[in-house]
Amino acid sequence: MKSLLAFLSMLVFGIATALYIGFHDNFPSRDRIYDDEQEGLKELVVFKFSHVVAENTPKGLAAKKFAQLVNEKSAGKIKIEVFPNGSLYSDIEEIKALKEGDVQFIAPSTSKLGMLSPDWFVLDLPYAFADYDAVREGLHGKIGDQLFASLQKDRIKGLAYWTNGFKQITSNKGPVKNPDDLKGQTLRIMQSNVIEDQFKLLHAKGRQDSFNSTFQLLESKKVDGEENTISNIYSKKFYNVQNYMTISNHGYLGYAVMTDQTWWNSLPKETKRILSEAMKETTEWNEKHAAKMNKDQLQQIREHSPILIHELTDEERKAWMKRLDPVYDQYKPIIGEHLIQQVRDLQKQHFTSNGQ
Ligand code: SIN
């Protein structure tokens, strides 16, 4: 009798187990049919955004704006932690950190991307862009597309181009008005061979170094000067350790906002939608505010600093353009004729239409 009971209970247990397994696969449990897209985001997720400049700059404020928009659009479920001033990674470290998944968003200046592909050097060519309109036309058009396509081989996704503005020259060694005035000087520059070669044409030396070492290099007089946008000169107080500034607008400084392609592909659809929308709105906001920020901060420097400011006249600017022009031919085999031609076309269109 006992063994019959044992046999029957094993049979019942076996049938129940088989039924459970069978039904479980055909009719997934309640938990399994809910997904992020249908139900919205369930848990707080945190992504990191690292950059090297101060908060009161076009990039610093854009990163904050992006974080705020993402927070609003996700009803607080996605948090972007912004690390400014190179507090997490220097400009030399951040691409590696992105690839290793230690940070999800970075926005290096495009001058630092020549190490990924020489195509990026095109944006460093002297006087490549006459004004913000020319930059927008180039980056929202074929130039921008080609540059982002060049990142694919490194599994990096270009999300947006953010703008800062045009570079000016600061120095401790006398006013800089003519191309010969920089002769013999050493300037801190970004990690770009085009910029280094541009200064060679003026018999000056470019020292490639990180952004966050610039103030110290200037203060300790290890370099005589540097080139940067007004917002970087203002927010990092370079004007306190430099005697002369030339409004030369000789080069463009902007950013490529980037993420890791594999990480991006792994995100739920809803998360991608929120991040993409926020990025689009932030980029429009950045384009509206960057020029004004540089203009206002120049006014602040004029009012509150003894630095002597010279603005190149049209005649002087033409002399600089002529002296720096050979770098275009020098880089044709490296950047490619096609990209250089597109910059030449923009120059023709925008320098002339401005009467410049
Ligand atoms: C930046 O604007 O991100 C830094 C520029 C620089 O390295 O000079």
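As the structure is a prediction and not an experimental result, all values here were calculated from the model. (Residues numbered from 1 in each chain as written. Predicted model: local features only at pLDDT ≥ 70, side-chain atom pairs only at ≥ 80, totals over all residues. Heavy atoms only, no water.)

Student: Is there a simple way to explain the overall build of the protein chain in this structure?
Tutor: Scanning the protein chain from N- to C-terminus turns up 15 helices and 11 strands. The proportion of buried residues among the 356 residues of the protein chain is 50%. Excluding contacts between residues fewer than 6 apart, the proportion of contacts in the protein chain whose partners are at least 24 apart in sequence is 76%. Of the accessible surface of the protein chain, which amounts to about 17200 Å², a share of 54% is contributed by carbon and sulfur atoms. (Helix = DSSP H or I, 4+ residues; strand = E, 2+ residues; numbered from the N terminus. Buried < 20%, exposed > 50% of the residue type's maximum accessible area, 1.4 Å probe, protein only. Contact = heavy atoms within 4.5 Å. Areas by Shrake-Rupley, 256 points an atom, 1.4 Å probe, with all protein chains shown as cover.)

Student: Looking at this model, I keep getting lost on helix α6 (residues 132-139). Mind explaining?
Tutor: Quick reminder: α-helices carry 3.6 residues per turn. Residues three or four places apart thus point the same way. Among all positions of α6, only Ala 134, Val 135, Gly 138 and Leu 139 are buried. In a view along the axis of α6, the buried residues occupy a sector of 120°, so they form one face of it. With a side-chain oxygen positioned 3.3 Å from the backbone nitrogen of Asp 133, the residue opening α6 is Asp 131. (Arc of directions from axis to C-beta. Polar contact = N/O pair within 3.5 Å; in protein donor to acceptor, adjacent residues only side chain to side chain.)

Student: It is not clear to me how the nonpolar core should be interpreted in this structure. Could you clarify?
Tutor: When a protein is soluble and globular, its nonpolar side chains tend to lie buried together. Counting residues in hydrophobic clusters, the biggest one holds 56 residues, and the most contacted among them are Phe 49, Phe 66, Ile 80, Trp 162, Leu 182, Leu 275 and Trp 320. With sequence-adjacent residues up to four places away left out, Leu 182 is seen in contact with Ile 169, Val 176, Leu 187, Phe 199, Leu 202, His 203, Ala 204 and Trp 320. Ile 95, Phe 129, Val 194 and Tyr 252 belong to the second largest nonpolar core, which has 37 residues in total. (Core = buried A, V, L, I, M, F, W, Y, C linked by side-chain atoms within 4.5 Å.)

Student: What am I meant to see in the pattern of salt bridges here?
Tutor: Charged atoms that come close allow side chains of opposite charge to pair. Counting across every chain of the model gives 22 salt bridges. As a salt-bridge pair, Arg 273 and Glu 277 come within 2.7 Å of each other at their nearest N and O atoms. Here Arg 273 pairs with Glu 277, and both are found in helix α12 (residues 269-304), just 4 residues apart, close to one helical turn. By relative accessible area, Arg 273 is classed as partly exposed at 39%. On the basis of relative accessible area, Glu 277 is assigned to the partly exposed category, the value being 32%. Measuring nitrogen to oxygen at the nearest pair gives 3.5 Å for the salt bridge that ties Lys 332 to Asp 329. Of the two residues, Lys 332 and Asp 329 both sit in helix α14 (residues 326-335), 3 residues apart, roughly one turn of that helix. (Salt bridge = Lys/Arg side-chain N within 4 Å of Asp/Glu carboxyl O.)

Student: Sorry, what's going on with the site of the ligand here?
Tutor: Close to the ligand lie Val 52, Val 53, Lys 59, Asp 91, Lys 112, Arg 188, Met 190, Phe 211, Asn 228, Asn 232, Leu 253 and Tyr 255. Contact between the ligand and Lys 59: an oxygen atom at 2.7 Å from a side-chain N or O atom of the residue. Asn 228 places a polar side-chain atom, nitrogen or oxygen, 2.9 Å from an oxygen atom of the ligand. About the coverage of the ligand: the protein hides 100% of its 260 Å² of free accessible area. Of the residues that constitute the shell around the ligand, the class distribution is 6 nonpolar, 2 polar and 4 charged. (Near = heavy atom within 4 Å. Nonpolar A, V, L, I, M, F, W, Y, C, P; charged D, E, K, R; others polar.)

Student: What exactly am I supposed to notice about the environment of Val 45 here?
Tutor: As for its position among the elements, Val 45 is in strand β1 (residues 45-50). A relative accessible area of 32% places Val 45 in the partly exposed class. Remark: the alpha-carbon pair of Val 45 and Thr 271, spanning 226 residues in sequence, is separated by 9.9 Å. Contacts of Val 45, omitting those with residues within four sequence positions, involve Lys 77, Ile 78 and Lys 79.

Student: How should I be thinking about the pairing of strand β9 (residues 244-247) in this particular structure?
Tutor: Consecutive residues of a regular strand have side chains that alternate between opposite faces of the sheet. One ladder, built from 3 bridges, connects strand β5 (residues 168-171) with β9; its direction is antiparallel. Counted as the bridge partner of Thr 170 is Met 245 from β9. (Pairing = 2+ DSSP bridges.)

Student: Looking at this structure, I do not really get the pairing of strand β10 (residues 252-260). What am I missing?
Tutor: Across the 9 residues of β10, 9 count as buried, placing the element largely inside the fold. Judged by which residues are buried, β10 turns out to be covered on both faces: Tyr 252, Gly 254, Ala 256, Met 258 and Asp 260 on one side and Leu 253, Tyr 255, Val 257 and Thr 259 on the other are all buried.

Student: Would you explain the packing of helix α8 (residues 193-200) against α14 in this entry?
Tutor: Axes are the key here: two packed helices are described by the angle between their axes and the distance separating the axes. At their nearest, the axes of α8 and α14 sit 10 Å apart, and the two run at 140° to each other. For the crossing formed where α8 meets α14, the hand is right-handed. Together, Asn 193, Val 194, Asp 197 and Gln 198 of α8 and Val 327, Gln 330 and Tyr 331 of α14 make up the contact between the two elements. Of the residues that constitute the contact of α8 with α14, the class distribution is 3 nonpolar, 3 polar and 1 charged. (Axes fitted to C-alpha atoms, helices over the stretch in contact; angles between N-to-C directions. Left-handed = near helix turned anticlockwise from the far one by under 90°.)

Student: Honestly, the layout of surface pockets in this entry has me stumped. Any pointers?
Tutor: It is the rolling of a water-molecule-sized probe over the atoms that shows where space remains empty. Space inside the largest pocket adds up to approximately 520 Å³. If you go around the largest pocket, you meet 22 residues; those closest to its centre are Phe 166, Gln 168, Ile 247, Asn 249 and Glu 311. Only α12 and α13 (314-324) provide two or more residues apiece to the lining of the largest pocket. Partitioned by chemical class, the residues of the lining of the largest pocket number 11 nonpolar, 6 polar and 5 charged. Taken as a whole, the second largest pocket spans an internal volume of roughly 280 Å³. Taken together, 14 residues form the lining of the second largest pocket, with Phe 148, Leu 159, Ala 160, Tyr 161 and Thr 283 sitting closest to its centre. At the level of secondary structure, the elements contributing two or more residues to the lining of the second largest pocket comprise α7 (142-149), β4 (156-166) and α12. Along the lines of polarity and charge, the residues of the lining of the second largest pocket split into 6 nonpolar, 4 polar and 4 charged. (1 Å grid on protein atoms, 1.4 Å probe; cavity = no way out; pocket = protein on both sides within 12 Å on 5 of 7 lines; lining within 4 Å. Points joined across faces, edges and corners; volume = space filled by probe spheres on them.)

Student: Which parts of the structure should I look at to understand the sheet that holds strand β7 (residues 205-208)?
Tutor: Strand-to-strand pairing in sheets goes through backbone hydrogen bonds, with the strands running parallel or antiparallel. Here we have 6 strands laid out as an open sheet, ordered β7-β6-β8-β5-β9-β11, and mixed in their pairing. Of all the strands in the sheet, just β7 and β11 (308-311) have a single pairing partner and so form its edges. Across this sheet, the average inter-strand angle for adjacent strands is 25°, counted without regard to direction. Across the face of the sheet, α12 comes into contact with β9 and β11 while running at roughly 135° to β11.

Purely spatial values, then, with no claim about function.
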